[in-house]
Amino acid sequence: MAQRLSPETEAAVRARIGYFRDLGIFDFYRRGEAPAATAEEIVAEIDTKTTAPVADSRELLQMPKAQPMPVLEQPTAIVAPKDKAAALEAIRKDIGPCDRCELSKARNNIVFGDGDPNARLMFVGEGPGADEDAQGLPFVGRAGQLLNNMISAMGLRRDQVYIANIVKCRPPQNRVPEPIEANTCVPFLFRQIDVIRPEVIVALGATAATYMLGGKSPLSALRGRIHQARGAKLIVTYHPAYLLRDPRQKKEAWADLQIAMSELGLKPQPKAPV
Ligand code: SF4
């Protein structure tokens, strides 16, 4: 019979899986058992042991291992700079008091996105944390402070860029969003990108990279080069929350941001943000 995990153990396992995912590690092996398990499968297994399965969870468990990504529609017509704020507001209105996925159940606020509707640079993270959920704004906690430092070090102000996430509602215990949740929410982000039309998007962490690029690869294989997404150049780097856990990687993240700066024609800055 399945053993029930304590909430503390479950939170610790989820945090550990999130940590490895930030490192770009997705497959896990149990000693003495042959089959590999993905992070999603381990989290799904925790869910089956700790909660009564709900309709969406059953659907998720029946999905094939290689989760298909949604077909990305082509970017829509170009919105004039003066109309972009209104176009973003219209998307927010479409989202409404959203309950399209399970994340609606525990959230306090939908975190739509924040910044300049005419930004040349956009940052995309994974999902809101506790501070963001409380304030309804992206990246306002400790990771947000580090992101602010990174933006300043690039010679920009936060209000000159646009910041959003793959999912707009906080996953419980800051777990990684389930594919069904991310695939349900990400079309709204794509619509925001199509309105803003940034020249460069920086994907913060593995989850952002996966859904922006439409497929899963280790972060190490994605960093250090320029990808294309929704008509923009996409640079992949570490999530600021991961950099708080392992500050040694800030130098690497700074190298990624220098690529973004070069594409934007910004003057290279010698020092990494602290
Ligand atoms: S995460 Fe996105 S799709 Fe899910 S409830 Fe929130 S706004 Fe709706």
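Computed from a prediction, not measured in an experiment: that's the story for all the values here. (Residues numbered from 1 in each chain as written. Predicted model: local features only at pLDDT ≥ 70, side-chain atom pairs only at ≥ 80, totals over all residues.)

When you go through the protein chain residue by residue, the secondary structure sums to 11 helices and eight strands. A buried classification covers 38% of the 274 residues belonging to the protein chain. By sequence separation, contacts in the protein chain at least 24 residues apart represent 74% of the contacts at least 6 residues apart. (Helix = DSSP H or I, 4+ residues; strand = E, 2+ residues; numbered from the N terminus. Buried ≥ 20, exposed ≤ 12 C-beta atoms within 10 Å, placed from the backbone. Contact = placed C-beta atoms within 7 Å.)

To continue, consider the packing of helix α4 (residues 84–95) against helix α7 (residues 179–196). Interaxial distance between α4 and α7 falls to 9 Å at its minimum, and their mutual angle equals 170 degrees. For the element pair α4 / α7, the angle class is roughly antiparallel. Between α4 and α7, the contacting residues are Lys 84, Ala 87, Leu 88, Ile 91 and Ile 95 on the first element and Phe 188, Arg 191, Gln 192, Val 195 and Ile 196 on the second. Broken down by class, the residue content of the contact of α4 with α7 amounts to seven nonpolar, one polar and two charged. (Axes fitted to C-alpha atoms, helices over the stretch in contact; angles between N-to-C directions. Parallel < 35°, antiparallel > 145°, perpendicular 65-115°, else oblique. Nonpolar A, V, L, I, M, F, W, Y, C, P; charged D, E, K, R; others polar.)

Turning our eyes to something else, we now look at α4. Compared with an ideal rise of 1.5 Å per residue, which puts 12 residues at 16 Å, α4 spans 17 Å between its outermost C-alpha atoms and is within 8% of the ideal. Two residues or fewer past α4, Gly 96 is found with a positive phi of approximately 60 degrees. (Expected span 1.5 Å × (residues − 1).)

Spatially, β3-β5-β4-β6-β8-β7 is the arrangement adopted by the six strands of the open sheet, whose pairing is mixed. Edge positions in the sheet fall to β3 (114–115) and β7 (227–229), since each of these pairs with one other strand and no more. Here strand β4 (residues 121–125) runs beside strand β5 (residues 162–165); their pairing, made up of four bridges, is parallel. Considered in β5, the bridge of Gly 125 is made with Asn 165. Against the sheet, helix α8 (residues 206–213) engages β4, β6 (200–204), β7 and β8 (232–237), with an angle of about 130 degrees to β6. (Pairing = 2+ DSSP bridges.)

This part is about the confidence of the model for the protein chain. Low pLDDT means the predicted coordinates in that region are not meant to be read closely. Put simply, the protein chain has an average pLDDT of 83, and 71% of its residues get 70 or more. Here residues 31–36 scores under 50 on pLDDT; set against residues more than four positions off or in separate chains, the count is three contacts. Here residues 45–69 is a poorly scored stretch, pLDDT under 50, and it has 27 contacts once near neighbours within four places are set aside; other chains count. (pLDDT = per-residue confidence, 0-100.)

The next subject is the site of the ligand. With respect to spatial proximity, 14 residues lie near the ligand, and among them Cys 98, Cys 101, Ser 104, Cys 169 and Cys 185 are the closest. When residues in the shell around the ligand are grouped by element, the largest group, three residues, is from α7. Looking at the shell around the ligand residue by residue, the class counts come to eight nonpolar, two polar and four charged. (Near = placed C-beta within 6 Å.)

This part takes up the nonpolar core. Counting residues in each nonpolar core, the largest one holds 57 residues, and the members touching the most others are Met 122, Val 124, Ile 166, Ile 201 and Ala 203. No other element matches α7, which puts eight residues into this core. If we skip the residues at most four places from it in the chain, Val 124 touches Ala 164, Asn 165, Ile 166, Leu 189, Ile 201, Ala 203, Leu 204, Ala 208 and Met 212. (Core = buried A, V, L, I, M, F, W, Y, C linked by C-beta atoms within 7 Å.)

Relative to the assigned elements, Gly 144 resides in helix α6 (residues 142–153). Given 21 C-beta atoms within 10 Å, Gly 144 falls into the buried group. With 96 residues separating them along the chain, Gly 144 and Pro 240 place their C-alpha atoms 7.4 Å apart.

Let us look at the pairing of β8. In terms of burial, β8 is a largely internal element, five of the six residues being buried. Where β6 and β8 come together, five bridges link them in parallel fashion. Residue Val 200 lies in a different strand from β8, and its bridge partner there is Lys 233. Pairing of β7 with β8, which is carried by three bridges, proceeds in the antiparallel orientation.

A few words now on the pairing of β4. Counting buried positions along β4 yields five of five residues, so the element is predominantly enclosed. Every second residue of β4 is oriented toward a common face, with Leu 121, Phe 123 and Gly 125 on one face and Met 122 and Val 124 on the other, all of them buried. When β4 meets β6, the two strands line up parallel, connected through four bridges. Along β6, the bridge assignment pairs Leu 121 with Val 200.

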